[in-house]
Amino acid sequence: MKEDILEQMVDEYLQHKGYFTRHNIKFRPAGDHVEYDARQDAVHSDIDVIGIHPRLDGARRVMVVSCKSWQGGFRPKYWIDAIAKNKVVSGREAWRGFRELTREKWAAAFRTAVAELTGSSSFTYITAVTKVVGNRAAWQDNATFRENLGGNPIELLTFSDMLKELFSSIDTTPASSEVGRVLQLIKASDWSLDK
């Protein structure tokens, strides 16, 4: 598998909910954008997972997911502060990990990529994380992020959120993915932390 385990879990989660999915969709600012800088913008970013539900309408029809599989968890207020103060985190400016949320030229390219792929400018943006440390609302309600996403909703989705929903509905019909099969085997074994 090319994707990390969080991406695989997101894929399983979305497919379980009826979405058709694609991975690693490339995008970058248009060369004719007024702020385009060939030195800074030549390298593509990518959408980790995108899901399209054929039976839903509105923002829930298209789910666009950015995965951050950091084992220490995701701290919304820390990242908002690091982005606002242009801090360097792990050797690069914090905003670079969230280009589509923080820079208009990247946001425009992101929205264009989503619209070209799905035929819709309406979508739900999800930051999928291992766990949230702190308050989700700071991230989900960030006015700058929402503006850059064209007013579309933002959600934080944790590994635990997905696992709880998937685990309760897993049955014995062989799953179509490796992640689904592993979850089936864990459930079949009656394993729990309590034992």
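Up top is the structure these notes are about.
**Comments concerning the overall build of the chain**
Tallying secondary structure elements over the chain gives nine helices and seven strands in all. Relative to a compact globule of 195 residues, whose C-alpha radius of gyration would be 16 Å, the chain shows 18 Å and is just as compact. Projecting the C-alpha coordinates of the chain onto the three principal axes gives extents of approximately 55 × 35 × 30 Å. Taken across its 195 residues, the chain has 44% of its residues classed as buried.

**A short note on the packing of helix α1 (residues 5-16) against helix α9 (residues 178-188)**
Between α1 and α9, whose axes approach to 8 Å, the crossing angle comes to 85 degrees. With respect to their mutual orientation, α1 and α9 come out roughly perpendicular. Only V179, G180 and L183 of α9 make contact with α1, whose side of the interface consists of I5, Q8, M9 and E12. When grouped by side-chain class, the residues that make up the contact of α1 with α9 number four nonpolar, two polar and one charged.

**Overview of the pairing of strand β3 (residues 62-68)**
Regular strands place their side chains on alternate faces of the sheet. Judged by how many residues are buried, β3 sits mostly within the fold: seven of seven residues are covered. Burial of β3 is two-sided: the residues V62, V64, S66 and K68 facing one way and the residues M63, V65 and C67 facing the other way are all buried. Sheet analysis places strand β2 (residues 45-52) next to β3, joined by four bridges and oriented antiparallel. Looking at the pairing, V49 lines up with V65 of β3. Relative to strand β6 (residues 124-129), β3 runs parallel, the two being bridged by six bridges. The residue of β6 that forms the bridge with S66 is T127.

**Some thoughts on the environment of A175**
With respect to the secondary-structure elements, A175 resides in the loop between α8 (159-169) and α9. Sequence separation of A175 and D57 is 118 residues, and the distance between their C-alpha atoms is 27 Å. Apart from the residues within four sequence positions on either side, A175 is in contact with G180, R181 and Q184.

**A closer look at the side chain of S45**
Within the element layout of this structure, S45 appears in strand β2. If near-sequence neighbours (up to four positions away) are discounted, S45 is found in contact with I25, K26, F27, R99 and W106.

**Focus: the pattern of salt bridges**
Scanning all chains against the criterion turns up six salt bridges. Salt-bridge contacts for E93 lead to R96; the nearest nitrogen and oxygen are separated by 2.8 Å. On the basis of relative accessible area, E93 is assigned to the partly exposed category, the value being 25%. Take R96: its relative accessible area is 18%, and that puts it in the buried class.

**Some points on the nonpolar core**
The nonpolar side chains of a soluble globular protein tend to be buried with one another. If you look at the biggest cluster of nonpolar residues, it comprises 29 residues, and the most contacted ones within it are I47, V64, F110, V114, F123 and W139. Counting residues per element, this core draws most heavily on helix α5 (residues 104-118), at five residues. If we skip the residues at most four places from it in the chain, F110 touches F27, I47, V64, E100, F123, Y125 and L149. Listed in part, the 18 residues of the second largest apolar core include M9, Y13, V49 and V179.

Definitions and cut-offs
- Residues numbered from 1 in each chain as written.
- Predicted model: local features only at pLDDT ≥ 70, side-chain atom pairs only at ≥ 80, totals over all residues.
- Heavy atoms only, no water.
- Helix = DSSP H or I, 4+ residues; strand = E, 2+ residues; numbered from the N terminus.
- Rg over C-alpha atoms; globule rule 2.2 N^0.38 Å.
- Buried < 20%, exposed > 50% of the residue type's maximum accessible area, 1.4 Å probe, protein only.
- Axes fitted to C-alpha atoms, helices over the stretch in contact; angles between N-to-C directions.
- Parallel < 35°, antiparallel > 145°, perpendicular 65-115°, else oblique.
- Contact = heavy atoms within 4.5 Å.
- Nonpolar A, V, L, I, M, F, W, Y, C, P; charged D, E, K, R; others polar.
- Pairing = 2+ DSSP bridges.
- Salt bridge = Lys/Arg side-chain N within 4 Å of Asp/Glu carboxyl O.
- Core = buried A, V, L, I, M, F, W, Y, C linked by side-chain atoms within 4.5 Å.

Just distances and angles here, no functional claims.
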